[in-house]
Amino acid sequence: EDFDISKSLGHNVYRFSIEWSRIEPEEGKFNEEEIKHYRQMILALRRRGIEPFVTLWHFTNPLWLPKWSSKKVVRYFVRYTEKIVGALKDEVKFWITLNESEIYSAGAHIKILWPPIGRNFSAYFLAINNLIKAHREAYKRIKEIQPDSWVGVATNNVYFDTYKNRLVEKFFKRIADWWVNFFFLDKIIDCQDFIGLNYYFHSRIKGFKFNQNENKEVSDLGWEIYPEGIYYALKDLKKYQKPIYITENGLADAKDSRRT
């Protein structure tokens, strides 16, 4: 029913995530029935002329999995990737290995928004490093299994701008762009067929402070509504000379009055 609605709205792509814990509820034990469920989803999309964009990991982890700060996770993720891609390669062309790795790492180890709870800067950097390794290794394995596939990541990019373009503001913008927007991509760009852009945030730098936005309009979450920022986020990615797909974008609006 959902896919029929998508088709009626003229959608030609559907992005969804595969839940790792459904596929491998216990370490090394794969559930073929769950893989069959996702195959049925993909075939239903294909019958409607809708291209599936499959995300292999979007924050959630099986309970048995060690923390992403552990090197072991890279090996487990590649094995899981092999299983999924091997099973679904005939029906899927576009694979997104990881979603917003930098957001996940910060949320787990700095902002302590979700498991594994505990502020730990060492674990934060280890997790980012292992996520980089996981993507690179998964990319290579996917290409071995399915050479004609397109493989990328989805990354959350923020449009940073300056209040009066003062030297200190330009300095902080440069640092923020490097760490938030470009660091992860710089490490994997040679193992990347396309870039998935998730855009939600604009951050104006005023003096030494970030997020000094005008906030003329905000969403139900209190996030500034700043649609023009997507243009600048896309322009920032131009330097990589890769195809770009906007994989996430939108706002929280219970009345649905500001969608356009």
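Residues numbered from 1 in each chain as written. Predicted model: local features only at pLDDT ≥ 70, side-chain atom pairs only at ≥ 80, totals over all residues. Heavy atoms only, no water.

A.B. asks: An account of the overall build of the protein is needed here, citing residue identities and associated values.
C.D. replies: Summing up its helical and strand segments, the protein has eight helices and eight strands in all. Relative to the compact-globule value of 18 Å for 260 residues, the protein shows a C-alpha radius of gyration of 19 Å, a close match. Each principal axis of the C-alpha distribution contributes one length, and for the protein these read about 55 × 45 × 35 Å. Relative to its full complement of 260 residues, the protein shows a buried share of 45%. Within the protein, counting contacts between residues at least 6 apart in sequence, those at least 24 apart form 74% of the total. Between the centroid of the 41 positive side chains of the protein and the centroid of its 34 negative side chains there is a distance of 6 Å. (Helix = DSSP H or I, 4+ residues; strand = E, 2+ residues; numbered from the N terminus. Rg over C-alpha atoms; globule rule 2.2 N^0.38 Å. Buried < 20%, exposed > 50% of the residue type's maximum accessible area, 1.4 Å probe, protein only. Contact = heavy atoms within 4.5 Å. Lys, Arg positive; Asp, Glu negative; His and termini not counted. Charge placed at Lys NZ, Arg CZ, Asp CG, Glu CD.)

A.B. asks: Can you tell me about the nonpolar core, naming the residues and giving the values?
C.D. replies: Of all hydrophobic cores here, the largest spans 58 residues; its most connected members are Ile18, Trp57, Trp68, Phe77, Ile84 and Trp95. Sorting elements by how many residues they give to this core places helix α6 (residues 121–145) first, with nine residues. Look past the residues within four positions of tryptophan 57 in its chain and what remains in contact with it is Trp20, Trp68, Phe77, Thr97, Leu98, Asn99, Tyr104 and Leu131. (Core = buried A, V, L, I, M, F, W, Y, C linked by side-chain atoms within 4.5 Å.)

A.B. asks: Outline the pattern of salt bridges, supporting the account with residue identities and numerical values.
C.D. replies: Scanning the entire structure with this criterion turns up 19 salt bridges. Residue arginine 166 is joined to glutamate 169 by a salt bridge in which the shortest nitrogen-to-oxygen separation is 2.8 Å. Residue class for arginine 166 comes out partly exposed when judged on its relative accessible area of 39%. Overlapping salt bridges bring together Asp161, Arg204, Glu214 and Lys216 as one network. (Salt bridge = Lys/Arg side-chain N within 4 Å of Asp/Glu carboxyl O.)

A.B. asks: How would you sum up a nonpolar patch on the surface? Please name residues and give values.
C.D. replies: A cluster of nonpolar side chains, namely Phe171, Ile175 and Trp178, defines an oily patch on the protein surface of about 320 Å² accessible area. Tracing the backbone shows phenylalanine 171 in helix α7 (residues 167–188). (Patch = residues over 30% accessible without salt bridge, like charges linked within 9 Å, V, L, I, M, F, W, Y side chains within 5 Å. Areas by Shrake-Rupley, 256 points an atom, 1.4 Å probe, with all protein chains shown as cover.)

A.B. asks: Can you lay out helix α5 (residues 101–109) for me, pointing to particular residues and giving the numbers?
C.D. replies: Two residues of an α-helix separated by three or four positions point the same way, owing to the 3.6 residues in each turn. Among the nine residues in α5, eight count as buried, and that is most of the element. Of the residues making up α5, those classed as buried are Ser101, Glu102, Tyr104, Ser105, Ala106, Gly107, Ala108 and His109. Where α5 is buried, its residues meet β2 (51–57), β3 (94–99), α6, β4 (150–156) and α7.

A.B. asks: Report on the side chain of serine 105, specifying residues and quantitative values.
C.D. replies: Among the structural elements, serine 105 can be located in helix α5. On the basis of relative accessibility, which here comes to 0%, the residue serine 105 falls in the buried class. If sequence neighbours within four positions are ignored, serine 105 has contacts with Ile110, Tyr124, Ala127, Ile128 and Leu131.

The values reported here are purely geometric and, on their own, carry no functional implication.
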